[in-house]
Amino acid sequence: MRYIEPHAHMVSRVTDDYERMALAGCEAVCEPAFWAGFDRSSAAGFFDYFCQLTEHEPKRAAKFGLKHFCWLCINSKEAEEVKLAEEVIALVPQFLDRPNVLGIGEIGLNKNSRNELRVFELQVELAAKYNQLILVHTPHLEDKLKGTRLILDALKSDRRIRPERVVIDHVEEHTVEMVLDAGMWAGMTLYPETKCTPARAVDILETYGRERLWLNSACDWGVSDPLAVPKTALEMKRRGHLAAAIEKVVYGNPKKFLSQSVNFKV
Amino acid sequence: MTRQQVLDLYFLDARHKLVEIAAFLDRVERATGPDDFRLKAFRATLAKLQGRKRNKARTVLLAFSDPTTKPIAQAPGKGACGAWPGKK
């Protein structure tokens, strides 16, 4: 079975994970810019990170026949300091024409603060100005519902943003419907303890259908599983889903969305 | 899937998780000192699982969620604890 991993933080993973993903059928991995687990002290740290995502990480992936793509931004966990965020946002345009860049992401909210929302809006502006796809992180746990609503309100109020070019990630049962109703794509993140389990993700697919939905592991430095997508494909198979239906979710859907970027080719 | 197929696939897993919840509540009861809003939210949400109404997962997630709609003045930190403490 072939699949695309549309959200993985490979800079935090060991090389063995690339090999395991390739053996499991992964053809491409997409890496949004995110929080490293600690705050960077200057924009220069982000410049180095963007170089890592656009120069170094594709080479690591290529050793296992995997294509590597990335998204660029300042993440919401480091967005409380607006001045730093503005400096980082100013760095992004010089990277946008690099061959593995898919768009702006993962932007979004974390604790739903005014500054986070301000920085989110600045990055939506950036995406609109440069006609980039958008990948959105929604908050964790008790903050997800409110944050998803604030994010959708901000995106819907900007008439330049076409909903079919936006994916709202980390949806769960209480947020998936509002995202799909807004005409945007929805990503289900498969985590052992938070977000979706494979069984719940398949429940959501059975409830809402297979259009504009994708699966991702969002594997990073925390508790996560880089093989979560193929494991969920197995969960679909256990429930009797046909091979074509499984391939649509784990390969066809991410390919359809990501192919809106001229850089995405598998 | 039929109900029998769902039970065959998932009953033992769900039973295991139910026992874990029961053991967690026993552990909390054995412990000393005050509890907080998380346990109150947990108990209140457990009560919502009774009956045959659908969308129970959604109901549980909504019960733990911040229902307010305005951005907060400043992020108090980065983490989330899993339950909304209510207005402070």
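In what follows, the structure referred to is the one given above.
Residues numbered from 1 in each chain as written. Chains lettered and ligands numbered in written order. Predicted model: local features only at pLDDT ≥ 70, side-chain atom pairs only at ≥ 80, totals over all residues.

Novice: I would appreciate a short explanation of the overall build of chain B in the present structure.
Specialist: From N to C terminus, chain B includes three helices and zero strands. Scanning chain B from its N terminus toward the C terminus, one meets helices and strands in the order α-α-α. Against the 2.2 N^0.38 benchmark of 12 Å for 88 residues, chain B shows a C-alpha radius of gyration of 17 Å, more extended than a compact globule. With the C-alpha coordinates aligned to their principal axes, the bounding extent of chain B is approximately 50 × 35 × 25 Å. Looking at chain B as a whole, 7% of its 88 residues qualify as buried. (Helix = DSSP H or I, 4+ residues; strand = E, 2+ residues; numbered from the N terminus. Rg over C-alpha atoms; globule rule 2.2 N^0.38 Å. Buried ≥ 20, exposed ≤ 12 C-beta atoms within 10 Å, placed from the backbone.)

Novice: Would you mind going over unusual backbone geometry with me for this structure?
Specialist: In most cases, non-glycine residues show a negative phi, while peptide bonds are predominantly trans. Residues and elements named next belong to chain A. The omega angle of the peptide bond from glycine 105 to glutamate 106 is -5°, so this bond is cis rather than trans. Residue placement: glutamate 106 occurs in strand 4 (residues 101-108). One non-glycine residue, leucine 141, lies in positive phi territory at about 50°. Taking the C-beta count within 10 Å as the criterion, leucine 141 has 19 such neighbours and is therefore assigned partly exposed. A positive phi is found at histidine 170, a non-glycine position, where the angle reads about 65°. Mapped onto the fold, histidine 170 is located in the loop between strand 6 (166-169) and helix 6 (176-181).

Novice: I keep staring at the interface of chain A and chain B and nothing clicks. Help me out?
Specialist: Quite often, the size of an interface is put as the accessible area lost when its parts meet. On the chain B side, the residues contacting the 26 residues of chain A number 22 residues. Sorting the residues of the side of chain A that touches chain B by element identifies helix 4 (114-129) and helix 5 (144-156) of chain A as the ones contributing at least two each. Among the elements that line the side of chain A that touches chain B, the one with the most residues is helix 5 of chain A, at five residues. A per-class count over the side of chain A that touches chain B returns five nonpolar, six polar and 15 charged. (Contact = placed C-beta atoms within 7 Å. Nonpolar A, V, L, I, M, F, W, Y, C, P; charged D, E, K, R; others polar.)

Novice: What am I meant to see in the environment of Asn112(A) here?
Specialist: Note on placement: Asn112(A) falls in the loop between strand 4 and helix 4. A C-alpha to C-alpha distance of 9.0 Å links Asn112(A) and Lys144(A), two positions 32 residues apart in sequence. Setting aside anything within four residues of it in sequence, one finds Asn112(A) in contact with Pro139(A), Asp143(A), Lys146(A), Gly147(A), Leu150(A), Pro71(B) and Ile72(B).

Novice: I'm lost on the sheet that holds strand 3 (residues 67-72) of chain A in this one. Help?
Specialist: Two pairing modes exist for strands in a sheet, parallel and antiparallel, and in both the strands are linked by backbone hydrogen bonds. All names here are of chain A. Spatial strand order, 1-2-3-4-5-6-7-8: eight strands in an open sheet with parallel pairing. Where the open sheet ends on each side, the last strands, each with one partner, are strand 1 (3-5) and strand 8 (213-216). Mean inter-strand twist for the sheet, computed between neighbouring axes without regard to direction, equals 25°. The sheet contacts of helix 8 (residues 228-238) involve strand 1 and strand 8, and relative to strand 1 the element is tilted by about 135°. (Pairing = 2+ DSSP bridges. Axes fitted to C-alpha atoms, helices over the stretch in contact; angles between N-to-C directions.)

Read these as layout, nothing more, since geometry by itself doesn't imply function.
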